[in-house]
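Summary of the model geometry
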Amino acid sequence: MDTNRDCGCASAFGRIEALVDGHLRTTETVDVIDHCASCESCAQELDIVSTLTERVKTACFEAPPAGMCDEILNSLKSNP
Ligand SMILES: [Zn+2]
């Protein structure tokens, strides 16, 4: 058995979001990916989180609130 490098569910699960956001160091990323390769529930969580993150990014990119830029610019001008 070659499971000595497995970081375990609790450890992997807690870092999945950070991994998807790109906040993990390379060694940590490898730990979580390795765990997900042998653990179905964590692999599913990784899949869900990455899908959701991708959808949120896409939605934000496609549908910026109307007038948002003007509002930000105006608030900056009125608060020097
Ligand atoms: Zn797991």
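What counts as what
Residues numbered from 1 in each chain as written. Predicted model: local features only at pLDDT ≥ 70, side-chain atom pairs only at ≥ 80, totals over all residues. Helix = DSSP H or I, 4+ residues; strand = E, 2+ residues; numbered from the N terminus. Rg over C-alpha atoms; globule rule 2.2 N^0.38 Å. Axes fitted to C-alpha atoms, helices over the stretch in contact; angles between N-to-C directions. Parallel < 35°, antiparallel > 145°, perpendicular 65-115°, else oblique. Left-handed = near helix turned anticlockwise from the far one by under 90°. Contact = placed C-beta atoms within 7 Å. Nonpolar A, V, L, I, M, F, W, Y, C, P; charged D, E, K, R; others polar. Core = buried A, V, L, I, M, F, W, Y, C linked by C-beta atoms within 7 Å. Buried ≥ 20, exposed ≤ 12 C-beta atoms within 10 Å, placed from the backbone.

It is worth spelling out the overall build of the chain at this point. Helix and strand counts for the chain stand at four helices and zero strands. Starting at the N terminus and walking to the C terminus, you meet the elements of the chain as α-α-α-α. Relative to the compact-globule value of 12 Å for 80 residues, the chain shows a C-alpha radius of gyration of 19 Å, a clear excess of over 25%. Principal-axis analysis of the C-alpha atoms gives the chain an extent of 65 × 25 × 15 Å.

This next bit is on the environment of Asp31. Take Asp31: it is sitting in helix H2 (residues 26-38). Placed 37 residues apart in sequence, Asp31 and Met68 show a C-alpha to C-alpha distance of 40 Å.

It is the contact of helix H1 (residues 9-20) with helix H3 (residues 40-62), at a shortest axis distance of 9 Å, that shows an interaxial angle of 15 degrees. Taken together, the axes of H1 and H3 are roughly parallel relative to one another. As for the relative orientation of H1 and H3, their crossing is right-handed in sense. Here Cys9, Ala12, Phe13, Ile16, Glu17 and Val20 of H1 come into contact with H3, specifically with Cys42, Glu45, Leu46, Val49, Ser50 and Thr53. Taken together, the residues that form the contact of H1 with H3 break down as eight nonpolar, two polar and two charged.

Counting residues in hydrophobic clusters, the biggest one holds six residues: Ala12, Ile16, Val32, Cys36, Cys42 and Leu46. The residues touching Leu46, leaving out its near neighbours within four places in the chain, are Ile16 and Cys36.

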